[in-house]
Amino acid sequence: MLLLKKNFFLTSSLLRIEEEQEVTVFREVVSFTADPLPARYYDKDTTKPISFYFSSLEELLAWTPDVEDSFNVALEPSECRQPPLSSQRPRTLLCHDMMGGYLDDKFIQGSTARSPYCFYHWQSIDVFVYFSHHTVTIPPVGWTNAAHRHGVCVLGTFITEWKEGGRLCEAFLAGDESSYRAVADQLVLIAQFFRFDGWLINIENSLSLAAVGNMPHFLRYLTTQLHQRVPGGLVLWYDSVVSSGQLKWQDELNQHNWVFFDSCDGFFTNYNWREEHLQRMLGQAGERRADVYVGVDVFARGNVVGGQFHTHKSLELIRKHGFSAALFAPGWVYECLEKKDFFQNQDKFWALLERYLPTHSICSLPFVTSFCLGMGTRRVCYAHGLPSLCLCAQEIQPLFAEHRREGDGRGWVKTHCCLADAWNGGSSLLIRGEIPPEVGHVAEVSALFSLQVPVPPKVFLSLVYKLEGPSDVEVALELTTGDVGSCHVGGIWTLNAETSSRHSPRPLRVPPTKLARWVGHCGQQLRGGWVQR
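Residues numbered from 1 in each chain as written. Predicted model: local features only at pLDDT ≥ 70, side-chain atom pairs only at ≥ 80, totals over all residues. Heavy atoms only, no water.

The protein chain carries the name Cytosolic endo-beta-N-acetylglucosaminidase in an unreviewed UniProt entry, which gives Ursus maritimus as its organism. Per UniProt, the protein chain has the following entry under Function (unreviewed entry): "Endoglycosidase that releases N-glycans from glycoproteins by cleaving the beta-1,4-glycosidic bond in the N,N'-diacetylchitobiose core. Involved in the processing of free oligosaccharides in the cytosol." Under Catalytic activity (unreviewed entry), UniProt gives the following word-for-word description of the protein chain: "an N(4)-(oligosaccharide-(1->3)-[oligosaccharide-(1->6)]-beta-D-Man-(1->4)-beta-D-GlcNAc-(1->4)-alpha-D-GlcNAc)-L-asparaginyl-[protein] + H2O = an oligosaccharide-(1->3)-[oligosaccharide-(1->6)]-beta-D-Man-(1->4)-D-GlcNAc + N(4)-(N-acetyl-beta-D-glucosaminyl)-L-asparaginyl-[protein]". (UniProt positions renumbered as here; feature names shortened; annotations may be inferred.)

Each helix and strand counted, the protein chain has eleven helices and 24 strands in total. The proportion of buried residues among the 533 residues of the protein chain is 46%. Residue pairs in contact within the protein chain that sit at least 24 positions apart in sequence constitute 72% of those at least 6 positions apart. Accessible surface, the protein chain: about 27400 Å² in total, of which carbon and sulfur atoms supply 54%. (Helix = DSSP H or I, 4+ residues; strand = E, 2+ residues; numbered from the N terminus. Buried < 20%, exposed > 50% of the residue type's maximum accessible area, 1.4 Å probe, protein only. Contact = heavy atoms within 4.5 Å. Areas by Shrake-Rupley, 256 points an atom, 1.4 Å probe, with all protein chains shown as cover.)

So, on to the side chain of Glu-161. Mapped onto the fold, Glu-161 is located in strand S8 (residues 153–161). Despite its burial, Glu-161 pairs with no opposite charge; the closest candidate is Arg-301, at 12 Å N-O. (Lys, Arg positive; Asp, Glu negative; His and termini not counted. Salt bridge = Lys/Arg side-chain N within 4 Å of Asp/Glu carboxyl O.)

Here we take up unusual backbone geometry. For the bond from Gln-82 to Pro-83, the omega torsion is -5°, close enough to zero to count as cis. As for its placement among the helices and strands, Pro-83 is situated in the loop between strand S4 (81–82) and strand S5 (92–96). The omega angle of the peptide bond from Leu-365 to Pro-366 is 0°, so this bond is cis rather than trans. Tracing the backbone shows Pro-366 in the loop between strand S14 (361–362) and strand S15 (379–381). Within the chain, Met-99 stands out as a residue other than glycine whose phi angle is a positive 50°. With respect to the element layout, Met-99 can be found in the loop between S5 and strand S6 (127–130).

Disulfides are covalent bonds that link the sulfur atoms of two cysteine residues. For the structure shown, the criterion picks out one disulfide. Between Cys-80 and Cys-363 runs a disulfide, and the two sulfur atoms are separated by 2.2 Å. Here the disulfide of Cys-80 and Cys-363 is left-handed, its torsion about the S-S bond being about -115°. Note that Cys-80 is positioned in the loop between helix H1 (57–62) and S4 and Cys-363 in the loop between S14 and S15, a separation of 283 residues in sequence. A relative accessible area of 14% places Cys-363 in the buried class. Free of any disulfide, Cys-372 has its nearest cysteine sulfur in Cys-118, 8.8 Å distant. (Disulfide = S-S within 2.5 Å.)

In structure tokens:
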């Protein structure tokens, strides 16, 4: 099937037949005028709309916004978060590089893949980069929507490589400023139109003296224009070319590449660093230490401190010196390990990093989530089965963690993704654990979210849950609040009895009219064994 624009022409005729009876006969004539969309807009095998990229400078400069591009425009504005990205708290960047990119995630309206890659530890990261080896990598809109829903900044990639990359750079950098400004203007327009937040600039080829001389001007112009037209926009430079024009990875910020760092918002180092590199960078970075993203190759290629399930060793040193971290290709858990164990391996990987990944807080109401991952064997709407869904449908994800009781550690509770059952979407949140019989009435608490919001006088909380089989376990809601003065940018911690007051929700005697529909279902058994409280 081809994707066509179609024009309809409708005509009618009046016919006279026997006995002077008039009968109106309508004849519909439909005329199709073939107007094929460019191939980049749809998948040739399924004809489904897809996200796309540009492979050349010519494609980039020729692009203008058109109605056909609307499928790729993100609908979710970036949510408010605390602390903001502009704070000087060390950040965590995730650079998603997987098998060339644009896999199942390119299908805007969803994929039928049974076990696609999925990321859901959004509360632990600040910046998401979609990486591929195409010249201009535009993040698939599903990723942008999911990241923005969690208050995470999204960057595309502008990359040049090998001899062809060198020729491309000469074409727009070796001439006058009008050439590099035209490229920068297009990159800004693309980010603005598709509603993502900026670019990682990765030049993996040598540059002539003329080209490398213009590179800081290009970066500065791109950064300035992006800040003006994309609120919260970000431009990062990857550690590759040095100020002489040579392609010479430094594994650190130093005098050979500082001019590029000085011309944009941040610096992403190469991966083969040691602790002495971090120590030397302290002086170079100055007050912009959080703008230096120390690269960690999760595949552990080359001479690295730690990767794979030892990535925490790299994070420990990075945080020790106060730098931000850039995790490259954490999809290693999907690419190289058993697909059937993906969720267990992904949770294990991020759990090992937990102590080095400060989370950010949700700071706006209303707050609603059904924990849908944007994937599953089917989609469910209030316990009714519907077809499968896509990444755009991913809802806000919780803090995935395991909590154990102090002392003997016998009591524990752990949160998991659950694809086997859902209330609304393709998945739900599974909370499982062990409650020792001697513990008493209130045994285990699972912290799901960190919120930093002013609490209004009346708060409506609703929870939909189900228990697996016969159980003596009871589920209760608890709202834990803390003095605003106890939360600060440098180290937001989980609220506890010493710094907070616990409040058990009380039913309103007369529920507000607008809430009557919800309150009427409280305590009742819903479809599929679900209960609303």
